[in-house]
Amino acid sequence: MDTQNPDNRGEFFHQFLDDYYAECDEHLVSIRRSLVTLEDEVDTRTIDRPVLDNLFRSFHTLKGISGMVGLGAAEQLAHHLESYLRELREGSVVLSEPGFEALSAGVSQLEGVINARHHDQPVPSIDEIVERLQAVSSDSAGANSETAPTSAPETAENHAATTTRWQVEFTPTAELAGRGVNVNSVRSRLQEIGNLIRAKPIVKSAGEIAFEFIVATIADKNALASFEADGLTFKPAPVESAPRVKDSQPVSTITPATIVRVDLDRLDELMRIIGELVNSRTRLEDQVAELKRVTPAALWRSLEETSQSMGRQLRDLRESVMRVRMVQIGEIFERMTFVVRDLARESGKKIIVQLSGGETEIDKFLVERMMDPLMHLVRNAVSHGLETVAEREAQGKRSEGLLSLSAMTAGEMIVIKIADDGRGIDRNFVLARATARGLSHGNAEIDDAALLELICTPGFSTRDEADRGSGRGVGMDVVKKATEELGGRMLLATKVGQGTSFTIELPLTLAIAEALIVSVNGQRFAVPQSAVREVLEVESASTKVLENNEIIPYRGKVLPLLRLARVFEMNYKRADSFHVLVIGEETNAMGLAVDRILGQREIVVRAIKDPLAQSKGIAGATELGDRRVVLILDTTALRQLAVTSKH
Amino acid sequence: MPDELKTNNILVVDDSPTMRRMVITSLGSLRLVKSTQAGSGLEAIERLAIGPVDLMVLDLNMPDMHGMEVIDFVRSHQAYRDIPIVVLTTKGDDASRTEALAAGANRYLTKPFDPRQLADIVGSLLKAN
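What counts and how
Residues numbered from 1 in each chain as written. Chains lettered and ligands numbered in written order. Predicted model: local features only at pLDDT ≥ 70, side-chain atom pairs only at ≥ 80, totals over all residues. Helix = DSSP H or I, 4+ residues; strand = E, 2+ residues; numbered from the N terminus. Buried ≥ 20, exposed ≤ 12 C-beta atoms within 10 Å, placed from the backbone. Contact = placed C-beta atoms within 7 Å. Pairing = 2+ DSSP bridges. Axes fitted to C-alpha atoms, helices over the stretch in contact; angles between N-to-C directions.

## A few points about the overall build of chain A
Across its full length, chain A holds 19 helices and 22 strands. Here chain A holds 647 residues, and the buried ones make up 32% of them.

## Some words on the overall build of chain B
Summing up its helical and strand segments, chain B has 5 helices and 5 strands in all. Taken from the N to the C terminus, the helices and strands of chain B come in the order β-α-β-α-β-α-β-α-β-α. Across the 129 residues that make up chain B, the buried fraction comes to 52%. Within chain B, counting contacts between residues at least 6 apart in sequence, those at least 24 apart form 62% of the total.

## Some thoughts on the environment of Leu-492 of chain A
Residues and elements named next belong to chain A. The residue Leu-492 is located in strand β10 (residues 489–495) in this model. In this structure the C-alpha to C-alpha distance between Leu-492 and Ile-504, which are 12 residues apart in sequence, comes to 8.9 Å. Ignoring anything within four residues of it in the chain, the contact list for Leu-492 reads Asp-448, Leu-451, Leu-452 and Phe-502.

## Side note on the sheet that holds strand β5 (residues 107–111) of chain B
Residue and element names in this part refer to chain B. Taken together, 5 strands build an open sheet; the order of strands is β2-β1-β3-β4-β5 and the sheet is parallel. Looking at which strands have only one partner, the edges of the open sheet turn out to be β2 (33–38) and β5. Put simply, the sheet's adjacent strands are angled 20° from each other on average, direction ignored. One ladder, built from 4 bridges, connects strand β1 (residues 8–13) with strand β3 (residues 55–58); its direction is parallel. By the bridge assignment for β3, Ile-10 is matched with Leu-55.

Shape is all these values report; function is a separate question.
If you want it as structure tokens, here you go:
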């Protein structure tokens, strides 16, 4: 440990940057949550004390760690936010509307500063926001005494007379700690059964340390038996032990969580290893099948059972690791609420945000990739979808626009929906513009899917309208691309005067997928099962050629065919019949012609990173049981290839 | 084991996990030092109860139990009275420095801290004890 050069502080603290960004993220999430609560308390004198304490502490910590990593702008901004919070806490200022706005603008800017550093971009100036914060403070002179927080008033006891106050004593020992019984776990267990009024350390007569908790609960003494097994003692709290003396501890309602932070890369590594296990298991399964002919039946059956149960355990293992990667989507919704509020204020619109399914879990990797696209949809809804108060009232709508953000899981997919009750998308306008830009040929009737296709065409919207609200370099084409790259799809439903909703469906996880294994000219390919709508067997005689395109009859209409052999420039000989995988949406479905379907497999998806090996139409590679590499088809790209080759 | 050298146990108390890692890594340059950590005042007291603690690096502003209260507790009990305490707090001012030193903190450092300075101070306090 003598290698570090302590003179070079910047370099020394550089190694903690990942921890720093992760911790900043946690604090910013919790800050936003507190701000939402605080917003209802503007201009009142009854501010929720624990909320203020948590906010204060978050700013304080952000200030400390930002200083350590040398991010001065974040340190200073957090300092000013903390100072304003201190005044609120001391009651020397009342939370006013401009005060709240300065606070939330300060938080946005703080996030901007941290993100800018994270992504190696120029750090924005904080001067303006600091001035705003100083303007709402009472003393710009800055009597910033760092005093101990004055003890919070005792938690209000609003229980009925049936609650009993118990004085609980807990003596920690190494043995108990080894069993996971410690001051934190005892504390949260007590919080579960009642209202924790006080927690403080004491020294017993024999000199050992113990903790004394006062808890008010309706649980009777029998219910406390499980605590006694862990060495806790209970007695009715003496009346005088409900003191308002200085040493009574403010007991925050935030329990110290037993949470481990893990770098996503490490989880990816774990997933990769599991992926290899899945491959080995598949090989094992094949080998067991081969052994059937030469092995006594009883022996073979037990071998087969072992292999099967290993398969199940592997699936459980995979699911457990996947669960570790999951985060609740509510965090993102809260971030969006924040953005909506700012935009609404700027544009003078009134908006009610409705959240549902915030507890739905989504892979952290997906969240990070979808953050900007989802934010774009939300901004669009506020800037273009929802009308102003005057416009709404003129149409007899209620003056507040409704924006609903919801999430749910459906099978192997997660469904995120962003809906507004605004003006809806004007088809004629979209068509006219698309025609003007040469993106459409001006057909009269288009359905929602075709409409979505049009507004997601690169170049549909221009830079001059990409205003602050919905611009930022992300267009609808980017939203669609991001969704499809992750193996998901986007749907649109809109009605003029009634509103618009975007639905995004994403796979729960990326690394392992169900796939169909197909063969073309002796070569095998994997096609993600989620992309395949139907599999058909087609007689060669039933295909027709129309304007240089092969088509087959399909559900009363025709289905254009794309011959994989032709896409990848392989020779193919006509057989009497072949198989077709139907891909794409109803309106733009397409048939992928292959020779044979070999089976269905669980495959481990690996990206192809070498740019020389990357090819349009190939999403990645996987290994089958026989250790041979098989390419995974990118059906979205194939569809595009087919469309462009038509022109 | 020939001539067992005494290992010093340092308790690092801070509610920020990143900050705890920074402190522990800074102290990594010291020899024969083992660090344990606590994320709150109450947890710090529990650590004292469970294992030997030869020195504390203590943050002030923490949930549950303020660092000042931890100092008060440690100094007012026979068994722990002599444990050196290094207060490591964010941008303090004179009032709280005076307050902390009066309550019995041995040293008062502010964040951002210099890792070598922290290691030097902790090292010399351990030697003196």
